[in-house]
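Working through the structure, step by step
Here are the chains, one letter per residue:
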Amino acid sequence: MIPRFRSARLSLKNSGRLAAAYLAVAVFGTVLLAACQGAASSSNASGSGERIRVVTTITVFADIIRNVGGDLVDVTSLVPKNGDVHTFEPKPADVRSVAQARLLVMNGLGLDDWLAKTISNASSSGTPLVKLAVDLPGVALLPGEGPGTQNPHLFMDPKYVELYVDRIAAALKQIAPAEASRIEAQAAAYKSRLGELDTWVRDQVSTIPPQDRKLVTFHDAFPYYAREYGITIVGVAVNAPGQDPSAGYTAALIDAIRKAGVKAIFSESQFPAKLVDQLAAETGTKVVANLYDDALGDPPVTSYEAVIRWDTQQLVAALR
Ligand SMILES: [Zn+2]
């Protein structure tokens, strides 16, 4: 009894010091907890924490990734707006961007394969790399420019971009599992907008007389769009961007344009218009305002959805 009493008295006597000690532990604990939460939020990129640095090859993908990741991501495109991904050469600043990335996103199928070299130069082989167009389930690929290659421009079909969105969402959820439900909600909202975009394009193209649904562009970015919406690609001015077509190739194209009775030839924003102008002059067709495909541009073409809307509007206006 007595020792217990003594001990109680001792405690009472020292209660001031004990309270201070408890307070110190409590404060330390709070600081520790805050530190843990800080670490968790930076690794999960939640709330006010650090965003996930995503580096991608083209501005079109950067926009799609921002729609899926919202303010969880900080996205950089290596090829600038109005830039040409096919002839792009990464600079030292691009290597630094890649080295700092927590997620790398490319298309593959030959569109942006230069990223592989940039990754090895940045010594960031351990960073997760998403190839958006490679081995997509249920996609029938169309032939590319060379033998045995596939056309990489799947993203010109909003239906395929819904599959891109799934891949991006899966990669972000791996990095930030605590944010899975938020990422899923953002991906679902964006996919629903892509569905509306698809319906809108279908309605617009249906206003072009069927015999006039024919397309000639500078490079071969539209075959998936054309297949989805029932448009025939009569030809492209260059088979491989960055290389001048042979005289024989251009002569055959001129022949095909005349035979098909193509109403208009479309130039694209990131390429010189000279060759397309020459084709139009030779065939008596008109050249129509810039289309967008591999790169975003100035307003109003500052998002993927805007690219598809803009291009569709140009087609309809020229061919209807
Ligand atoms: Zn392209």
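Worth saying up front: this structure is predicted, and the values here are computed from it rather than measured.

1. Considering the coordination of the zinc ion
Protein ligation of the zinc ion involves His86 (NE2), His153 (NE2), His219 (NE2) and Asp294 (OD), the donor distances falling in the range 1.9 to 2.0 Å. One can describe the site at the zinc ion as tetrahedral: its 4 donor atoms subtend angles covering 101 to 130 degrees at the metal. Residue classification places histidine 86 among the partly exposed residues on the basis of a relative accessible area of 24%. For histidine 153, a relative accessible area of 2% puts it in the buried group.

2. Side note on the packing of helix α6 (residues 158-175) against helix α7 (residues 180-205)
Each pair of packed helices can be described by the angle between their axes along with the distance between the axes. The geometry of α6 relative to α7 is characterised by a closest axis approach of 9 Å and an angle of 175 degrees between their N-to-C directions. Relative to α7, α6 is oriented roughly antiparallel. Every residue of α7 that contacts α6 at Pro158, Lys159, Val161, Glu162, Val165, Asp166, Ala169, Leu172 and Lys173 is listed here: Ala180, Ile183, Glu184, Ala187, Tyr190, Lys191, Leu194, Gly195, Leu197, Asp198 and Arg202. Of the residues contributing to the contact of α6 with α7, the split by class is 11 nonpolar, 1 polar and 8 charged.

3. Examining the nonpolar core
Soluble globular proteins: nonpolar side chains tend toward being buried together. If you look at the biggest cluster of nonpolar residues, it comprises 77 residues, and the most contacted ones within it are Phe61 and Tyr225. For this core, the leading source of residues is α6, giving 9 residues. In contact with phenylalanine 61, other than residues within four places in its own chain, are Thr56, Met106, Asn107, Leu111, Asp112, Leu132, Phe155 and Tyr164. Counting residues in hydrophobic clusters, the runner-up holds 14 residues, among them Val216, Val238, Ile254 and Leu279.

Conventions adopted
Residues numbered from 1 in each chain as written. Predicted model: local features only at pLDDT ≥ 70, side-chain atom pairs only at ≥ 80, totals over all residues. Heavy atoms only, no water. Donors = N, O, S within 2.8 Å, 3.2 Å for Na, K, Ca; no water. Tetrahedral: all angles 85-135°; square planar, octahedral: opposite > 155°, others 65-115°. Buried < 20%, exposed > 50% of the residue type's maximum accessible area, 1.4 Å probe, protein only. Axes fitted to C-alpha atoms, helices over the stretch in contact; angles between N-to-C directions. Helix = DSSP H or I, 4+ residues; strand = E, 2+ residues; numbered from the N terminus. Parallel < 35°, antiparallel > 145°, perpendicular 65-115°, else oblique. Contact = heavy atoms within 4.5 Å. Nonpolar A, V, L, I, M, F, W, Y, C, P; charged D, E, K, R; others polar. Core = buried A, V, L, I, M, F, W, Y, C linked by side-chain atoms within 4.5 Å.

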